Protein chains: 2
Amino acid sequence: MARAAKHRHAADSGYQRGEETRMRIITAAIKLFGERGFEGASTRDIATNAGVNAPALQYYFDSKEGVYLACVEHIVSLIWEALSEAVERAEAAVRRGAGDDELIDAFCEIQAQLAEFMFTSRSADDWRLFMAQQQAGSGPIAGFQIIYQRVSKRMSEAMATIVGRLLGRPANDDETLLRTMALSGQLMVFQVARRTVLTKLDWDSINAERLALIKRVIREQTAALMRWMLASRGAARPAPRRPAGRRAIQ
Amino acid sequence: MARAAKHRHAADSGYQRGEETRMRIITAAIKLFGERGFEGASTRDIATNAGVNAPALQYYFDSKEGVYLACVEHIVSLIWEALSEAVERAEAAVRRGAGDDELIDAFCEIQAQLAEFMFTSRSADDWRLFMAQQQAGSGPIAGFQIIYQRVSKRMSEAMATIVGRLLGRPANDDETLLRTMALSGQLMVFQVARRTVLTKLDWDSINAERLALIKRVIREQTAALMRWMLASRGAARPAPRRPAGRRAIQ
DNA sequence: GAAAAAGTGTGTCAACTGGTATATTTTGGG
DNA sequence: CCCAAAATATACCAGTTGACACACTTTTTC
């Protein structure tokens with residue numbers, strides 16, 4: 001919080017109006033950063049879009065980078081708000097040594113919450129693009145990493161721990177982590193390549209029914225994969241030729 | 001090809017020197033567009049990096065957007081060069097009504113080729129970032145879609161057809177397409193979120209050994225999922241209790 | 001070997017960028 | 001009501017951007 005002193009704007013003042021415009025700026029910035037990337041979005045456009053004038057950005061956030069980081073903070077807090085419950089449940093399940101089915105369920109629940117948030121959160125389109133730009137390398141990546149880790153690290157550690165349990169491997173094992181990421185990729189692809197998805201399915205948007213379909217597919221496949229992991233646990237690795245898990249199917 | 005007339009440069013002239021510098025510009029542009037996005041990369045920087053002066057870009061490509069589209073064309077042709085064989089094999093397997101195992105293998109082979117290309121292609125880092133920027137929405141997206149479809153459409157149709165066969169559903173069915181994409185996501189995540197992957201695994205780069213591990217994980221999980229699809233084919237959806245087909249597994 | 005085409009270099013422009021200095025207005029507590 | 005803090009607005013700066021006009025050199029062709 002040492003940085004806060006630099007701002008001319010006292011973030012925690014009793015003044016309400018300041019907080020409001022601060023929020024308007026962040027909202028507009030997320031949208032424009034998402035659409036055009038960090039360098040592509042000009043501070044002037046952000047200001048106009050937020051209904052303020054250009055120096056307001058310096059007043060509230062010191063610099064363009066400050067605006068960007070404030071956007072990250074805002075998005076991260078939104079995500080965590082949506083995921084914390086599921087993640088904490090998963091952590092608890094692991095701690096108390098829950099059974100395999102329960103672990104699988106906890107994992108799927110995190111994914112389900114994530115999917116729900118990805119597709120239904122208000123202004124989801126805006127921050128999803130923002131995140132995509134970030135992954136692509138746009139913006140002050142160092143600052144992003146620091147802030148983003150708050151939610152990402154904890155979530156993926158919870159997921160990796162579960163996968164590790166099922167595999168009978170350490171949670172920080174290379175293979176465990178890779179498998180966890182591949183699992184997450186099933187859902188992630190719908191966030192990152194949403195445009196491609198919509199085009200290929202000839203969908204105009206994602207309504208409740210379609211979201212339910214996506215969630216079902218992801219859940220089924222994730223559960224199937226995790227049961228497969230369970231079944232092949234301990235099996236000799238280099239010979240996966242034979243039908244190792246006959247009754248591994250649910 | 002109507003656009004070609006606009007260029008002062010005759011792309012198919014006998015002149016060799018022109019083609020060379022044209023290529024140097026594209027190479028430099030892919031790198032810079034990838035690092036900084038379409039708007040973040042300046043034509044001057046691209047020119048300097050390519051060892052030419054600024055107006056050369058207008059001379060060869062008419063405009064900044066022209067440079068960008070030429071980059072897309074170049075990348076797409078590289079990708080297709082790497083994937084065409086595997087895709088054509090898959091298409092052939094489908095046509096001749098090959099067995100399930102063979103279809104699964106053909107699918108995995110496409111993924112394997114893609115992985116190989118993603119991680120080992122010369123200057124892979126450059127065009128991967130370029131693609132990531134594109135997916136994020138940076139750059140003249142309309143032009144990209146048109147060009148990119150040349151490879152993307154055919155590849156994903158081949159993959160969807162195989163998945164459809166295994167599921168006993170049409171290839172253009174919503175569920176088929178979603179499952180195909182979720183499958184692809186397992187690999188895609190390593191392209192899109194490579195930075196996250198490297199950080200979480202504490203890897204500095206991806207060497208041959210690590211690539212082999214990734215490919216094995218993806219292949220195993222993809223094959224497992226596809227066998228699961230096969231096994232649950234025809235089973236009543238809400239009650240996947242019975243091990244419907246044990247002979248279906250491999 | 002000269003004319004024409006292809007390619008390269010120099011100088012310049014108007015538009016826009018992020019940021020600053022500096023009013024002016026609005027707000028809230030005494 | 002008053003006045004200091006908070007918030008908003010005006011005018012401006014130096015640097016960069018994409019693009020252009022035009023002169024120059026190299027290569028090909030007849």
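Each value, and the rule that gives it
- Residues numbered from 1 in each chain as written.
- Chains lettered and ligands numbered in written order.
- Predicted model: local features only at pLDDT ≥ 70, side-chain atom pairs only at ≥ 80, totals over all residues.
- Axes fitted to C-alpha atoms, helices over the stretch in contact; angles between N-to-C directions.
- Helix = DSSP H or I, 4+ residues; strand = E, 2+ residues; numbered from the N terminus.
- Left-handed = near helix turned anticlockwise from the far one by under 90°.
- Contact = placed C-beta atoms within 7 Å.
- Nonpolar A, V, L, I, M, F, W, Y, C, P; charged D, E, K, R; others polar.
- Least-squares fit on C-alpha atoms with pLDDT ≥ 70 in both.
- pLDDT = per-residue confidence, 0-100.
- Core = buried A, V, L, I, M, F, W, Y, C linked by C-beta atoms within 7 Å.
- Buried ≥ 20, exposed ≤ 12 C-beta atoms within 10 Å, placed from the backbone.

## Concerning the packing of helix α1 (residues 16-40) of chain A against helix α6 (residues 124-136) of chain A
Residues and elements named next belong to chain A.
- Relative orientation of the contacting elements α1 and α6 amounts to 35°, with a least axis distance of 7 Å. The handedness of the crossing between α1 and α6 comes out as left-handed. Here Ile30, Lys31, Phe33, Gly34, Glu35, Gly37 and Phe38 of α1 lie close against α6, whose contacting residues are Asp126, Trp127, Leu129, Phe130 and Gln133.
- Of the residues that constitute the contact of α1 with α6, the class distribution is six nonpolar, three polar and three charged.

## Considering the interface of chain A and chain B
- Between chain A and chain B, the residue contacts involve 44 residues of the former and 47 residues of the latter.
- Elements that contribute at least two residues to the side of chain A that touches chain B include exactly α1, α6, α8 (174-192), α9 (194-201) and α10 (208-231) of chain A.
- Its residues assigned to classes, the side of chain A that touches chain B comprises 23 nonpolar, 12 polar and nine charged.

## Here's the deal with the relation of the copies chain A and chain B
- Rotating chain A by 179° and moving it 0.1 Å along the rotation axis overlays it on chain B with an RMSD of 0.3 Å. When the rotation and shift are considered jointly, the pair of chain copies conforms to a two-fold rotation axis.
- Most of the interface of chain A is mirrored in chain B: 98% of its interface residues are interface residues there too.

## Details of the confidence of the model for chain A
Residue and element names in this part refer to chain A.
- Looking at chain A as a whole, the pLDDT averages 88, with 87% of positions reaching at least 70.
- Of all helices and strands in chain A, the one with the weakest mean pLDDT is α6 (85), whereas α10 scores best (97).
- Throughout residues 1-6 the model reports pLDDT below 50, and contacts reaching past four residues in sequence, or to other chains, amount to two contacts.

## With respect to the nonpolar core
- If you look at the biggest cluster of nonpolar residues, it comprises 144 residues, and the most contacted ones within it are Cys71 of chain A together with Cys71 of chain B.
- Beyond its immediate sequence surroundings of up to four residues, Cys71 of chain A is in contact with Ile26, Ala29, Ile30, Phe33 and Phe130 of chain A.

## Some thoughts on unusual backbone geometry
Residues and elements named next belong to chain A.
- Positive phi values are uncommon outside glycine, yet Asp62 reaches one of about 75°.
- Unlike most non-glycine residues, Ser123 shows phi in positive territory, near 55°.
- Topologically, Ser123 is positioned in the loop between α5 (100-120) and α6.

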